[in-house]
Amino acid sequence: MQKNPPVVWMALLLAPLVAGCGSGWVLDYGEPAAQFLATDLASGGATFVGEKVTVKGIVSEIDTFDAGSAWIHLQGGIRCDLGDFATMAEGYEVGETAFVDGVLERCEEGNILLSPAVLRDPEALFSPR
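Residues numbered from 1 in each chain as written. Predicted model: local features only at pLDDT ≥ 70, side-chain atom pairs only at ≥ 80, totals over all residues. Heavy atoms only, no water.

### So, the pairing of strand β5 (residues 97-108)
Part 1 of the reasoning: Both strand β2 (residues 52-66) and β5 contribute to a ladder of seven bridges, which runs antiparallel. Residue pairing in the sheet places Val55 in a bridge with Val100 of β5.
Part 2 of the reasoning: Here β5 runs beside strand β6 (residues 111-119); their pairing, made up of seven bridges, is antiparallel. Within β6, the position partnered with Gly102 by the bridge is Ala117.
Part 3 of the reasoning: Counting the residues between successive antiparallel strands, the hairpin from β5 to β6 contains two residues, one of them, Gly110, with a positive phi of roughly 80°. (Pairing = 2+ DSSP bridges. Helix = DSSP H or I, 4+ residues; strand = E, 2+ residues; numbered from the N terminus.)

Now the structure itself:
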């Protein structure tokens, strides 16, 4: 019986991870297409729908009541879906400044959605439009 080369095993192990991630993997790699202050996202973000963006804003609400569905809301109607990362959301308090990387799913005044999203290091380079 012939053994499978390590490359085959690696591909078999990684295939379910890549196939099941949807757009979430976009958050782990590459630079954001644009960076915005929360106050400017509604007016300048529409052309970036479907792309990874960074938003800096003031936390207005933290919602971790539903297991597996953590949310941080930024002022200006920006909702950030953190998925299973409740601990990440609970690390902030209302009124604090947060930096969020996420795929911009919807960008309408008062109704902006970053999904999926993760909180990013506030020390990382940030150059808003």
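Structure shown, so let's carry the discussion forward.
### Regarding the pattern of salt bridges
Part 1 of the reasoning: Taken as a whole and judged by the stated rule, the model has one salt bridge.
Part 2 of the reasoning: Of the charged contacts in the structure, one is a salt bridge between Asp101 and Arg120, with a shortest N-O distance of 3.8 Å. Taken together, the positions of Asp101 in strand β5 and Arg120 in the segment after β6 put the pair 19 residues apart, joining distant regions of the chain.
Part 3 of the reasoning: Residue class for Asp101 comes out buried when judged on its relative accessible area of 9%. (Salt bridge = Lys/Arg side-chain N within 4 Å of Asp/Glu carboxyl O. Buried < 20%, exposed > 50% of the residue type's maximum accessible area, 1.4 Å probe, protein only.)

### A few points about the packing of aromatic side chains
Part 1 of the reasoning: For the coordinates displayed, the defined rule picks out two aromatic pairs.
Part 2 of the reasoning: Aromatic pair Phe36 and Phe48: ring centres 5.8 Å apart, planes at 70°, arrangement edge-to-face. Taken together, the residues span a long stretch of sequence, with Phe36 in strand β1 (residues 34-37) and Phe48 in the loop between α2 (38-44) and β2 at a distance of 12 residues.
Part 3 of the reasoning: A relative accessible area of 2% means that Phe36 is categorised as buried.
Part 4 of the reasoning: Take Phe48: its relative accessible area is 11%, and that puts it in the buried class. (Phe/Tyr/Trp six-rings, centres within 6.5 Å; stacked < 30°, edge-to-face > 60°.)

### Considering the confidence of the model for the chain
Part 1 of the reasoning: When pLDDT is averaged along the chain, the result is 85; 78% of the residues meet or exceed 70.
Part 2 of the reasoning: Between residues 7-26, whose pLDDT stays under 50, and residues either more than four places distant or in other chains, the model counts five contacts. (pLDDT = per-residue confidence, 0-100. Contact = heavy atoms within 4.5 Å.)

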